[in-house]
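Working through the structure, step by step
Single-letter residue listing:
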Amino acid sequence: MSGAAEVERVYSAMEEAAGLLDVACSPEKIRPILNAFQDVLADGVIVYSMASGRHATELDFSISVPAGYGDPYAAALAHGLIPETGHPVGDLLADTQKALPVSMFAVDGEVTSGFKKTYAFFPTDDMPGVAQLMDIPSMPPSVAQNAELFARYGLDKVQMISLDYKKNQVNLYFSNLQPEFLEPEPVQALVRETGLVQPGQKGLTFARRSFALYPTLSWESAKIERLCYAVISTDPTLAPSTEQSDLDLFSTYANNAPYAYAGEKRTLVYGLTLSPSEEYYKLGSYYQISDIQRKLLKAFDALTD
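Here's what I pulled together on the structure shown here.

Criteria and thresholds
- Residues numbered from 1 in each chain as written.
- Predicted model: local features only at pLDDT ≥ 70, side-chain atom pairs only at ≥ 80, totals over all residues.
- Heavy atoms only, no water.
- Buried < 20%, exposed > 50% of the residue type's maximum accessible area, 1.4 Å probe, protein only.
- Helix = DSSP H or I, 4+ residues; strand = E, 2+ residues; numbered from the N terminus.
- Contact = heavy atoms within 4.5 Å.
- Salt bridge = Lys/Arg side-chain N within 4 Å of Asp/Glu carboxyl O.
- Polar contact = N/O pair within 3.5 Å; in protein donor to acceptor, adjacent residues only side chain to side chain.
- 1 Å grid on protein atoms, 1.4 Å probe; cavity = no way out; pocket = protein on both sides within 12 Å on 5 of 7 lines; lining within 4 Å.
- Points joined across faces, edges and corners; volume = space filled by probe spheres on them.
- Nonpolar A, V, L, I, M, F, W, Y, C, P; charged D, E, K, R; others polar.
- Pairing = 2+ DSSP bridges.
- Axes fitted to C-alpha atoms, helices over the stretch in contact; angles between N-to-C directions.

A few words now on helix α8 (residues 184-194). Buried residues of α8: Pro-186, Val-187, Ala-189, Leu-190, Val-191 and Thr-194, and no others. In this fold, the buried residues of α8 make contact with α7 (147-152), α9 (201-207), β7 (212-218), β8 (226-233) and β9 (268-274).

Following this line, the structure appears as structure tokens:
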């Protein structure tokens, strides 16, 4: 299939996913991104993601980019997808590549407003610790300022980082989570120390199944802006909300989102997100999947509450 045909295929699925949420795509924002990365669309991992409550007015999309393709932020700048920034976030992806081996990239956008993020994935057998990330020149000081906190809760190995160029924020995706720190008491203690909203009982049960935990950090302060506990599954009923409107929305999306791997169940990734003012939920549906996600499913989908 030609690059142009791949763009149309992925855009059509994106419109279908957005339609489930009554969100209108902005082709003038999306097509330039798909065109810029059209060579990776056929084989890349593609995820369409929604959120609950006041965040339900948007649909995000993520596209994986092989390491051999080159720096996706440089490509975004070259294609005019995002303006130059004088902020350190604009240097961080390049600095990370100089400091650490990167196994894969990804780009992320919103269907109404376009390009917003890049990701750097690290080799699963050589994931860096917090101390290595602290040494990267443009990394936010808040990483070092929270290093002791992370260590006390068993958070060290980082599977990937994401860089948000609109909000000037970084997410550290901690992997190899220690089960004892996913029990209700340590989860509540971590949330209390970070000054975020405590999860409800359903959220605490959900957190025990997490395969990743990612805090959101910035350059402006040491404060952790958000925490998200992520669960990968094929179960369309895992959303930890107690609000029926949220549950109805998640059920509609989980059971009807488009996906391109016929003969398998949809692979879903849920997120319990805690901010200073609210608890809300995310749901990503994989439109295309890789063996890495299949391995994660095998490891985590069999877990019981």
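What follows continues from the structure just given.
The final tally for this structure, using the stated rule, is ten salt bridges. For the salt bridge of Arg-152 with Glu-148, the shortest nitrogen-to-oxygen distance reads 2.6 Å. Of this pair, Arg-152 and Glu-148 both sit in helix α7, four residues apart, which is roughly one turn of the helix. On the accessibility criterion, Arg-152 (37% relative accessible area) is partly exposed. The class of Glu-148 is exposed, set by a relative accessible area of 51%.

Right, let's talk about the environment of Tyr-259 for a bit. In this structure, Tyr-259 sits in the loop between α10 (244-256) and β9. By relative accessible area, which is 30% here, Tyr-259 ends up partly exposed. When the C-alpha atoms of Tyr-259 and Ser-175 are compared, they prove to be 26 Å apart, with 84 residues separating the residues in sequence. Setting aside anything within four residues of it in sequence, one finds Tyr-259 in contact with Glu-264, Lys-265, Arg-266, Tyr-286 and Tyr-287. Within polar-contact distance, the side chain of Tyr-259 engages the backbone oxygen of Glu-264 at 3.1 Å.

Our next topic: the side chain of Lys-116. Looking at the element boundaries, Lys-116 is found in strand β4 (residues 114-121). For Lys-116, the side chain forms a polar contact with the side chain of Asp-60, separated by 3.0 Å. In this structure Lys-116 touches Asp-60, Asp-108, Gly-109, Glu-110, Leu-163, Asp-164, Tyr-165 and Lys-166, once residues within four positions along its chain are discounted.

Reported here for the second largest pocket is a volume of approximately 220 Å³. Lining the second largest pocket are 13 residues, and of these Thr-124, Gln-159, Ile-292, Lys-295 and Leu-296 lie nearest its centre. A per-element tally of the lining of the second largest pocket places helix α11 (residues 291-300) first, with five residues. For the lining of the second largest pocket, the per-class residue count stands at seven nonpolar, five polar and one charged.

Here the focus is the environment of Phe-250. Summarising the element assignment, Phe-250 is placed in helix α10. Note: C-alpha distance between Phe-250 and Tyr-270 (20 residues apart in sequence) is 9.9 Å.

This part is about the sheet that holds strand β3 (residues 104-110). With respect to topology, ten strands assemble into a closed barrel ordered β1-β2-β3-β4-β5-β6-β7-β8-β9-β10, the strand pairing being antiparallel. Adjacent strand axes in the sheet meet at a mean angle of 25 degrees when their direction is disregarded. Bridge count between β9 and strand β10 (residues 279-288): seven bridges; the pairing is antiparallel. Bridge pairing in β10 places Thr-273 opposite Tyr-280. The strands touched by helix α1 (residues 3-19) are β1 (46-51), β2 (60-66) and β10; relative to β1, the strand with the most contacts, the crossing angle is about 20 degrees. Packing of α10 onto the sheet brings it into contact with β1, β9 and β10, and relative to β10 it is tilted by some 10 degrees.

Turning to empty space enclosed by the protein, a few remarks are in order. Across all of its chains, the model carries two cavities of 30 Å³ or more by this definition. Together, Tyr-153, Leu-155, Leu-177, Gln-178, Phe-181, Leu-182, Leu-190, Leu-213 and Tyr-229 line the largest cavity. Partitioned by chemical class, the residues of the lining of the largest cavity number eight nonpolar, one polar and no charged. Along its surface, the second largest cavity is lined by Lys-117, Ser-162, Asp-164, Gln-169, Val-170, Asn-171, Thr-216 and Arg-226. Among the elements of the structure, β5 (158-164) and β6 (169-174) are those that each provide at least two residues to the lining of the second largest cavity. Examining the composition of the lining of the second largest cavity, we find that three residues originate from one element, β6, more than from any other. Grouping the amino acids of the lining of the second largest cavity by side-chain chemistry returns one nonpolar, four polar and three charged.

Another aspect to go through is the pairing of β6. The element β6 is extensively covered by neighbouring structure, given that six of its six residues are classed as buried. Here β5 pairs with β6 via six bridges, running antiparallel. The partner of Ile-161 across the bridge, within β6, is Leu-172. Here β5 folds back onto β6 in antiparallel fashion, the turn holding four residues, of which Asn-168 has a positive phi close to 55 degrees. Pairing between β6 and β7: four bridges, direction antiparallel. Considered in β7, the bridge of Asn-171 is made with Thr-216.

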